[in-house]
Each structure stands twice: as C-alpha cells, then as structure tokens.
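# A closer look at the structure
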Amino acid sequence: MDTSLVITGVVALVALRSLGRTARQLRGARAGVSAPARCVRVDERDSATGSSGDRRTSYVFAFTAQGGEWVEFRNGGNTRFHEGARVTVRYDPADPHRTATLAGSPRAALTEGVVSLLLMGLVLLMFLTDFPESLFD
C-alpha cells in the first residue's frame with residue numbers, strides 16, 4: 001500500500017472529525033441556551049510526542065441542563081482553568097451531551113474549524129503533489 005494514500009486517508013479522517021466537532025459546537029453556540037457550569041476536573045497527561053515536559057491538559061466541565069439532566073463535557077482549549085472555576089456554557093437542549101461548549105461566539109467555533117481544515121488541506125495537498133520529494137529534485 002502506498003504510504004501517501006495512508007497519510008491522505010488519515011488526514012481526511014482527521015478533517016472529517018474536526019468538521020463534525022465544529023458543526024456540533026456551532027449548533028450548541030447558536031442554540032441560544034446557556035447555563036452556569038463549573039470546572040469539575042483538570043486532567044493532565046503526557047502528550048504523544050514523548051517530549052520531556054510536554055503535557056496536554058483538558059478540562060471537564062459540568063452543568064445541569066434545562067431538563068434537570070447532569071451533563072459533563074471535556075474541553076481542551078488554550079484557556080487555563082482551575083478546578084471549581086465558574087464558566088458559562090451554551091448547548092442545544094435537544095442534545096446537551098454532544099453540543100455543550102464554553103460560551104463563546106459562533107464565529108470563534110467556525111474560525112477554529114476553518115483554520116484546522118485549511119491546515120489539513122495543505123498537508124493533503126502536499127502529499128498528493130509529492131511536495132516533499134520535489135524539494136530535493
């Protein structure tokens with residue numbers, strides 16, 4: 001199997017996952033339902049790169065949805081939170097578990113999705129055009 005096909009497939013899967021995540025966040029951000037929430041846990045783990053001191057942090061937030069349902073969701077953004085921090089979340093009441101996101105503008109969620117898709121598209125284009133090999137010709 002051609003290595004470039006495998007890499008292209010992986011990049012395509014990552015792009016689709018990113019697009020799905022962005023769509024869910026946009027749905028939550030546009031739903032217009034907000035709720036107070038708290039950071040209930042801060043998880044830190046070594047990143048997959050194996051670099052010393054390179055740690056990945058994710059935050060678990062919890063809130064009570066309109067129907068009284070307890071909802072927890074994970075967010076790994078660049079903003080740092082401490083356990084117990086109060087935040088506002090937005091979500092779609094039809095599916096709070098999948099659409100919950102930290103309250104922010106739909107533009108921010110859309111920008112994140114577009115930037116990640118553009119970067120993945122660039123990587124895909126590089127492999128489809130044999131860019132790394134053409135540098136050394």
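Keep in mind that this is a model prediction, so the values were computed, not measured. The written sequence of each chain sets the order in which its residues are numbered from 1. In view of the model being predicted, local features appear only for residues whose pLDDT reaches at least 70, and side-chain atom pairs are presented and counted only at 80 or more, with totals across whole chains, interfaces and linings using the full set of residues. The basis for every side-chain value is the complete set of non-hydrogen atoms in the structure, without hydrogens or water.

## Focus on the overall build of the protein
Only DSSP runs of H or I with at least four residues qualify as helices, and only runs of E with at least two residues qualify as strands; both kinds are numbered from the N terminus onward. Counting its regular elements, the protein contains 4 helices and 5 strands. For the protein, the N- to C-terminal ordering of α and β elements is α-β-β-β-β-α-β-α-α. The burial tally for the protein puts 28% of its 137 residues in the buried class. Pairs of residues are marked as contacts when any of their non-hydrogen atoms sit within 4.5 Å. Taking the intrachain contacts of the protein between residues at least 6 apart in sequence as the baseline, contacts between residues at least 24 apart amount to 58%. Note on classification: 1.4 Å probe, protein chains only; a residue is buried when its accessible area is under 20% of the maximum for its type, exposed when over 50%, partly exposed between these limits.

## A few points about the nonpolar core
A general tendency of soluble globular proteins is for nonpolar side chains to be buried together. In this text, buried Ala, Val, Leu, Ile, Met, Phe, Trp, Tyr and Cys residues form a nonpolar core when linked through side-chain atoms within 4.5 Å. In terms of nonpolar packing, the biggest core is built from 15 residues, with Phe61, Phe63, Phe73, Val89 and Tyr91 touching the most fellow members. Elements with a contribution of two residues or more to this core: β1 (33-46), β2 (55-64), β3 (70-75) and β4 (86-91). By residue number, the principal contributor to this core is β1, which donates 4 residues.

## Digging into the pattern of salt bridges
Put simply, a salt bridge is a Lys or Arg side-chain nitrogen that is within 4 Å of an Asp or Glu carboxyl oxygen. Inspection of the entire model under this criterion finds 2 salt bridges. For the salt bridge of Asp43 with Arg41, the shortest nitrogen-to-oxygen distance reads 3.3 Å. For Arg41, a relative accessible area of 34% translates into the label partly exposed. As a salt-bridge pair, Asp43 and Arg74 come within 2.7 Å of each other at their nearest N and O atoms.

## Section: the pairing of β4
Burial along β4 is one-sided: Val87, Val89 and Tyr91 are buried, while Arg86, Thr88 and Arg90, pointing the other way, are not. Pairing of β4 with strand β5 (residues 101-102), which is carried by 2 bridges, proceeds in the antiparallel orientation. From the neighbouring strand, Arg90 faces β5, where its bridge partner is Thr101. The rule for pairing is simple: two strands pair if DSSP sees at least two bridges between them.

## Quick word on the pairing of β2
With 7 of 10 residues buried, β2 lies mostly within the body of the structure. Bridge count for β2 against β3 is 6 bridges, and the pairing is antiparallel. In the strand pairing of β3, Thr64 is matched with Trp70. If you look at the hairpin formed by β2 and β3, you'll find 5 residues sitting between the two strands, and Gly68 has a positive phi there, around 90°.

## What to know about the confidence of the model for the protein
Summarising the model, the protein shows a mean pLDDT of 77, and 72% of its residues fall at 70 or more. The pLDDT value tells you how sure the predictor is about a given residue, anywhere from 0 up to 100. At the level of individual helices and strands, the protein shows its lowest average pLDDT in helix α4 (residues 131-134), which scores 60, and its highest in β3, which scores 90.

## What to know about the packing of aromatic side chains
Within 6.5 Å between ring centres, the rings of Phe, Tyr and Trp (the latter by its six-membered ring) count as paired, and their orientation is classed by plane angle as stacked under 30 degrees, edge-to-face over 60, tilted in between. Enumeration according to the criterion identifies 5 aromatic pairs in this entry. Between Phe61 and Phe81, the ring centres sit 5.1 Å apart and the planes meet at 90°, which makes this aromatic pair edge-to-face. Taken together, the residues span a long stretch of sequence, with Phe61 in strand β2 and Phe81 in the loop between β3 and β4 at a distance of 20 residues. On the basis of relative accessible area, Phe61 is assigned to the buried category, the value being 0%. Taken together, the ring pairs in this structure connect Tyr59, Phe61, Phe63, Phe73, Phe81 and Tyr91 into an aromatic cluster.

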